[in-house]
Every structure is written in structure tokens, then in C-alpha cells.
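The primary structure of each chain is shown beneath.
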Amino acid sequence: VEAIVMNASGCGVTVKDYGHLLAHDTAYADKARRVSEFTRDVSELLPDIVDALRGKVSGPEGPIAYHPPCTLQHGQQLRGGVERGLRELGFDVRVAMNESHLCCGSAGTYSMLHADIAHELRDRKLGHLAQLAPQAIASGNIGCITHLQSGTATPVRHWIELLDNALPSS
């Protein structure tokens, strides 16, 4: 196994933490450490495949607004990789000029337990993203995608779906 690839940053941040969480469990400490060491967010693979995809991908017309999930930028300390990789492939990726580092309000169960505040955060985030006049919004976490989609008619997708749609069908 070269890697355990996670396509949901919220899951990835937790799986990457297994080694720490189970460090004192005699039955699972070593296994958990190994799982953590092998876990990669799918965005960490993007730099390795950009060259192979360059010239083979047809990015969508118009701008894509990218919402970097908290679990990716703060939890996993992975910032800018998705945006950089997609731009290198010809996508017009834009990040909100204001508060791009802040939560969209999903935050796992937060959006259910604190719906009023979660919706305020979502609407504030969508307001900043709408200023980019995107044809779609992309993110890397299913919670963010679902939460943001509940407040806008603009399609909200995982960035890997946009990349997949840009690949030639054969």
C-alpha cells in the first residue's frame, strides 16, 4: 500500500489523527500509527498528476469559486494545493477575497445542533463566493458541499468531480 486516499477532508483529518488518538492502546497503537502515516488527502496527489493531465483536460467555461474546508486548511494544514493544481490545468479557480479561512457553518454536526448560527455562517460564506460570479462552487469536504448547496442554486461539487468532468470521455 502506497497510500490511503481520502476524498473528504473531514474524514481525512480524523484518520490522520488515529496514531495520536490510539497511541496508548496496546492492541491498536502500532496499526493506528501506520494508518495515519499512509493517509493522504486526494489533494496531496494532485501535484503528482498535473503533468500527466496537462493538455488532456478541458476546464469548464467561467470561474469556479473554491471553498477551502476548515478540515483541510486548518486540520491538515494543506493550503493552496487544490487551487494551484486546478489553475495549472486551465481552470479559472477563485477564492473569496474575504474570510476564505473561516468555516462555512457545516462543521460536522454543528449545522444540525446550532442551525441558526450555521445558516448565518453559510449565508455569509455564500455571499463572499457569489461576488466571484462563479458557474459552480467547489470544495473538498462532503459536509461543506452539502451545507453550502442547501443555501444556493449555484451547483456545489467536490473539486475532484469537476476535474473528472473535464477529462475526455473514452
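For the structure itself, look to the data block above.
The rules behind the values
Residues numbered from 1 in each chain as written. Predicted model: local features only at pLDDT ≥ 70, side-chain atom pairs only at ≥ 80, totals over all residues. Heavy atoms only, no water. Helix = DSSP H or I, 4+ residues; strand = E, 2+ residues; numbered from the N terminus. Rg over C-alpha atoms; globule rule 2.2 N^0.38 Å. Buried < 20%, exposed > 50% of the residue type's maximum accessible area, 1.4 Å probe, protein only. Areas by Shrake-Rupley, 256 points an atom, 1.4 Å probe, with all protein chains shown as cover. Lys, Arg positive; Asp, Glu negative; His and termini not counted. Charge placed at Lys NZ, Arg CZ, Asp CG, Glu CD. Pairing = 2+ DSSP bridges. Axes fitted to C-alpha atoms, helices over the stretch in contact; angles between N-to-C directions. Contact = heavy atoms within 4.5 Å. Right-handed = clockwise from strand over helix to strand, strands pointing away. Arc of directions from axis to C-beta. Salt bridge = Lys/Arg side-chain N within 4 Å of Asp/Glu carboxyl O.

**Student:** Report on the overall build of the protein chain, specifying residues and quantitative values.
**Tutor:** Across its full length, the protein chain carries ten helices and six strands. Scaling as 2.2 N^0.38, a compact globule of 170 residues should have a C-alpha radius of gyration of about 15 Å, and the protein chain matches this with 17 Å. Overall, the protein chain is about 55 × 45 × 25 Å in size when its C-alpha atoms are taken along their principal axes. Taken across its 170 residues, the protein chain has 38% of its residues classed as buried. Approximately 9400 Å² of the protein chain is accessible, and the part contributed by carbon and sulfur atoms is 54%. Considering the protein chain, the positive charge centre built from 15 side chains and the negative charge centre built from 19 side chains are found 2 Å apart.

**Student:** So what's going on with the sheet that holds strand β4 (residues 93–95)? Which residues, and what values?
**Tutor:** Strand order across the open sheet formed by four strands is β4-β3-β5-β6, with parallel pairing between neighbours. The open sheet is flanked by β4 and β6 (156–158), the only strands paired with a single partner. Mean inter-strand twist for the sheet, computed between neighbouring axes without regard to direction, equals 35 degrees. Bridge analysis of strand β5 (residues 136–139) against β6 gives three bridges, and the strand direction is parallel. Bridge pairing in β6 links A138 to R157. Relative to the sheet, helix α9 (residues 142–149) contacts β5 and β6, its axis offset from that of β6 by approximately 170 degrees.

**Student:** Got a sec to walk through the pairing of β5? Specific residues and values, please.
**Tutor:** Judged by which residues are buried, β5 turns out to be covered on both faces: A136 and A138 on one side and I137 and S139 on the other are all buried. Relative to β5, strand β3 (residues 64–66) runs parallel, the two sharing three bridges. Residue pairing for β5: I64 is matched across the bridge by A136. A crossover links β5 with its parallel partner β6, the connecting element being α9, and its sense is right-handed.

**Student:** Any details on helix α10 (residues 159–166)? Residues and values, ideally.
**Tutor:** For an α-helix, the turn length of 3.6 residues means that residues three or four places apart are oriented alike. Taken together, the buried positions of α10 are occupied by W159, L162, L163 and A166. Buried residues of α10, seen end-on, are gathered within an arc of 100 degrees and therefore sit on one face of the element. In α10, the exposed residues that point more than 90 degrees away from the buried face are D164 and N165. Next to the buried residues of α10 lie α4 (46–53), β3, α6 (81–88), β5 and β6.

**Student:** Tell me about unusual backbone geometry, and please be specific about residues and values.
**Tutor:** The phi dihedral of Q77 falls on the positive side, at around 60 degrees, and the residue is not glycine. Residue position: Q77 is located in the loop between α5 (70–75) and α6. You will see that A133, though not glycine, has its phi angle at about 50 degrees, which is positive. Here A133 shows up in the loop between α8 (115–130) and β5.

**Student:** Residues and numbers for the pattern of salt bridges, please.
**Tutor:** Working definition: two side chains of opposite charge can pair if their charged atoms are close together. Tallied over the full model, the rule gives eight salt bridges. Between R54 and D51 there is a salt bridge, and its shortest N-O distance comes to 2.7 Å. You can call R54 partly exposed: its relative accessible area is 40%. Across the pair E88 and R54 runs a salt bridge whose closest N-O atoms are separated by 3.6 Å. With a gap of 34 residues between them, E88 in helix α6 and R54 in the loop between α4 and β3 connect regions that are remote in the sequence. Each of D30, R33 and E37 takes part in salt bridges that share partners, so that together they form one network.

**Student:** Describe in detail the side chain of S111, supporting the description with residues and values.
**Tutor:** Here S111 lies in helix α7 (residues 110–113). Relative accessible area serves as the criterion here: at 18%, S111 is assigned to the buried category. Setting aside its immediate chain neighbours within four residues, S111 contacts G105, S106, A118 and H147.

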